[in-house]
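The lines below spell out each chain.
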Amino acid sequence: MATTNLSYYDKNTIPNAKDFRFGIVVSEWNPEITKNLHQGAIETLIDCGAKKENIISWDVPGSFELIYGCKKMLETENLDAIIAIGNVIQGETKHFDFVCDGVTQGIKDLNIKYDVPVIFCVLTDNTRQQSIDRSGGALGNKGVECAVAAVKMAAIKNIGRNTNSVGF
């Protein structure tokens, strides 16, 4: 996890997102965290030129379900990038390790299988305070950082296609 503000970006270094379509799949677990990440991602996509009507959001019950939600979105929507938003906080059992590993590997697998980038926006923190700090708190909002990554990866996906948004 970054220990600097996650919300800073320079729009001059980011392609214009006006021609791109984005998907966001959001875990309902720890909603006080994931809703803030979601809001940061949407605001940033729009700030980078994305049209509101070109941003599709789906909710899933938890972080482990992000994999299936993203897969289904990849198969049913015409998108340039997806952001998978979740939050897993360390507890007293190994459950944290299994969920974090499964989600990480699952999202990696989607990136290999499909020609649409899936951005990993899953906070995997030791404490609730760390998650708060990274979802609009003292360290900014990881949703912002992931939205910027989604725009950049959408531009890479579209290299060679007839679009005005490609290029940095």
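Below: a short report on this structure.

Definitions and limits used
- Going along each chain's sequence as written, the residues are numbered from 1 onward.
- In keeping with the model being predicted, local features are shown solely for residues with a pLDDT of at least 70 and side-chain atom pairs are shown and tallied solely at 80 or more, while totals for entire chains, interfaces and linings include all residues.
- Here the side-chain values reflect all heavy atoms present in the structure, with hydrogen atoms and water set aside.
- A run of H or I in DSSP becomes a helix once it reaches four residues, and a run of E becomes a strand once it reaches two; helices and strands are each numbered from the N terminus.
- The buried label goes to any residue with under 20% of its type's maximum accessible area, the exposed label to any with over 50%, and the partly exposed label to all in between, with areas taken from a 1.4 Å probe on protein chains only.
- Think of a salt bridge as a Lys or Arg side-chain nitrogen and an Asp or Glu carboxyl oxygen that are within 4 Å of each other.
- Between two residues, a contact is recorded if the distance between any of their heavy atoms is within 4.5 Å.
- Think of it this way: DSSP has to see at least two bridges between two strands before they count as a pair.
- Handedness of a crossover is defined as follows: with both strands directed away from the viewer, a clockwise route from the first strand across the helix to the second makes it right-handed.
- Interaxial angle, 0 to 180 degrees, is taken between N-to-C directions of lines fitted to C-alpha atoms, where a helix line uses only the stretch in contact.
- Should an angle fall under 35 degrees it is called roughly parallel, over 145 degrees roughly antiparallel, and 65 to 115 degrees roughly perpendicular, with every other angle called oblique.
- Left-handed is the label given to a crossing in which the near helix is rotated counterclockwise from the far helix by less than a right angle, and right-handed is the label when the rotation is clockwise.
- Put simply, Ala, Val, Leu, Ile, Met, Phe, Trp, Tyr, Cys and Pro go in the nonpolar bin, Asp, Glu, Lys and Arg in the charged bin, and everything else, Gly too, in the polar bin.

## Section: unusual backbone geometry
Consideration 1: Even without being a glycine, asparagine 30 presents a positive backbone phi close to 55°.
Consideration 2: On the secondary structure map, asparagine 30 appears in the loop between strand E1 (22-27) and helix H1 (31-47).
Consideration 3: For asparagine 30, a relative accessible area of 9% puts it in the buried group.

## Comments concerning the pattern of salt bridges
Consideration 1: Throughout the structure, instances matching the rule amount to ten salt bridges.
Consideration 2: Between lysine 71 and glutamate 75 there is a salt bridge; the shortest N-O distance is 3.1 Å. Of this pair, lysine 71 and glutamate 75 both sit in helix H2 (residues 66-76), four residues apart, roughly one helical turn.

## Description of the environment of leucine 110
Consideration 1: Looking at the secondary structure, you find leucine 110 in helix H3 (residues 95-113).
Consideration 2: Classification of leucine 110 by relative accessible area gives buried; the value is 5%.
Consideration 3: For the pair leucine 110 and cysteine 70, spaced 40 residues apart in sequence, the C-alpha separation works out to 8.1 Å.
Consideration 4: Beyond its immediate chain neighbours, meaning those up to four positions away, leucine 110 contacts Ile67, Cys70, Lys71, Leu74 and Val118.

## A word on the pairing of strand E2 (residues 55-60)
Consideration 1: Pairing analysis gives six bridges linking E1 to E2, with the strands arranged parallel. Looking at the pairing, valine 26 lines up with aspartate 59 of E2.
Consideration 2: The parallel pair E1 and E2 is bridged by H1, and the resulting crossover is right-handed.

## A short note on the packing of H2 against H3
Packed helix pairs are characterised by how far apart their axes lie and by the angle those axes make with each other.
Consideration 1: With their axes 9 Å apart at the nearest point, H2 and H3 run at an angle of 15° to one another. One way to sum up the angle between H2 and H3 is to call them roughly parallel. Considering how the two elements wind past one another, H2 and H3 form a crossing that is right-handed. For the pair H2 and H3, contact is made by Leu66, Ile67, Cys70, Lys71 and Leu74 and by Gly102, Val103, Gly106, Ile107 and Leu110, respectively.
Consideration 2: Considered class by class, the residues forming the contact of H2 with H3 number seven nonpolar, two polar and one charged.

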